[in-house]
Amino acid sequence: MRKKVVILALVLLFVGFGFVYAENKNAQKTGNEILQELVDEEFAKLEKTGAENNIFNIQYLKSFYWSLQSNVYVNVAFKADLEQDVKRIKSEIETKYNQAVARKKEIIAKQNKKIKKEENKIKWEPPKLEEVMPKTFHAFYVRVFKDGKLIQKYKAPIPYDEKPLEFYSFGVILEPGEYELHVVIADAVYKKVAGSKIMKITVPDLTVKALMKKRSKLSTSEPVFYKAVKQLMQENKLFTVDKNCYEIGPMKLIFYPYIGTVAFKGTDKPVLTFYVFGTTPALIRGSNQPQWDVEAKLSVLKDGKAVLKFKPIKMKNPYFFQTLEFLRKDKKPLEPGDYTLKINLLDKNNRKKGEVKIDFKII
């Protein structure tokens, strides 16, 4: 119990050091108020002048979309160079930690001089540095504008671990249309620095109504490959920033997309997804609900010739979701090179057809 009290005291001590910079200006301000002032200042610059603070080199990468009844779940992938700032914060905390430990040892040493019996002297081991180190170092803020009006705003901690960064992500629910996202990332420990970025996105109409709209032929949304798609243990309705993945919390799904060039090892098993426009559900005898009956035939082309064919896939809704293996009949993987994945679609309910071609590499 005594060790926990000491650790808590040290943590509070280090948090207090984080406020020194601001307390010199105004001793009445809390840490949250200082952080909010820093963030609000960056948002004001973005809104008034469009001036971005590139201290963290925030970069918009791409967006991923999930169809809802009348809206679209939008997951935005971005990068930010936070590693050097984490090192700065860690260094400052370590300095304060060493100072606090040295002072504590000095106090104990003075007290022990007054104690004659060795067994009565105070014995103390400082907590490990990891125990007082923050779990997160930066806070993320986003304000969503449509036609110049603020319609949504969110904040969340940015996760930290030692793994290499591919991207960060956050999710919002929006109607189809054009938006401006004002993003601020701030040092959440010492409240000293913040970076900002304006991201402009166009949300496609992937609503259920749009998917069911009659068309002359079948078409698809942008195909996306994933390294894996996993099930969350429980529903997450909170606004969250994720690292190297994105989640659709209400659906309890987490996605690990390929970012950049579409390239796989021959032994990879990527998951391919896309939405199909123009399909028609039909009433089937013995069923109370309309059902889809869409067939997808996949083949891999090399220089225009089929080198691999898959069994036809039966789709029970307009969302194509399939794990692919690039293995030949002899079970050996395709050789490195450039390939094209060809997908022929047929809606057996309305007899409409469509075709998709996706270029990719085996490395």
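See above for the structure.
Presented here is an overview of the structure given in this document. (Residues numbered from 1 in each chain as written. Predicted model: local features only at pLDDT ≥ 70, side-chain atom pairs only at ≥ 80, totals over all residues. Heavy atoms only, no water.)

1. Digging into the packing of aromatic side chains
So, step 1. All told, the structure shown has 24 aromatic pairs when counted by the stated rule.
So, step 2. Considering the side-chain rings of W66 and Y319, the 5.2 Å spacing of their centres and the 65° angle between planes classify their relative orientation as edge-to-face. In this pair, W66 is assigned in strand β1 (residues 59-67) and Y319 in strand β18 (residues 319-323), connecting sequence segments 253 residues apart.
So, step 3. Taking the relative accessible area as the measure of exposure, W66 reaches 12% and is therefore buried.
So, step 4. Connected via pairs of aromatic rings, a cluster forms that spans F64, W66, Y226, Y246, F255, Y275, Y319 and F321.
So, step 5. Over the ring of F43 we find R143; its NZ or CZ atom is 4.0 Å from the centre of that ring. (Phe/Tyr/Trp six-rings, centres within 6.5 Å; stacked < 30°, edge-to-face > 60°. Helix = DSSP H or I, 4+ residues; strand = E, 2+ residues; numbered from the N terminus. Buried < 20%, exposed > 50% of the residue type's maximum accessible area, 1.4 Å probe, protein only. Lys NZ or Arg CZ within 6 Å of the ring centre and 35° of its normal.)

2. Here's the deal with the environment of L38
So, step 1. Within the fold, L38 resides in helix α3 (residues 31-49).
So, step 2. With 293 residues separating them in the primary sequence, L38 and K331 have C-alpha atoms 58 Å apart.

3. Remarks on the sheet that holds strand β4 (residues 149-158)
So, step 1. One open sheet holds the 4 strands; their spatial order is β4-β3-β6-β7, and the pairing between them is antiparallel. On the outer flanks of this sheet lie β4 and β7 (194-203), each paired with one strand and no other. Neighbour to neighbour, the strand axes of the sheet diverge by 20° on average, direction disregarded.
So, step 2. Running at roughly 145° to strand β6 (residues 177-187), α3 makes contact with β3 (138-146), β6 and β7 of the sheet. (Pairing = 2+ DSSP bridges. Axes fitted to C-alpha atoms, helices over the stretch in contact; angles between N-to-C directions. Contact = heavy atoms within 4.5 Å.)

4. Some points on the pairing of strand β12 (residues 253-257)
So, step 1. Burial within β12 is extensive, with 4 of its 5 residues counted as buried.
So, step 2. Bridge analysis of strand β9 (residues 224-231) against β12 gives 5 bridges, and the strand direction is antiparallel. Among the inter-strand pairings, A228 is bridged to a residue of β12, identified as Y256.
So, step 3. Where strand β11 (residues 246-248) meets β12, 3 bridges bridge the pair, whose relative direction is antiparallel.

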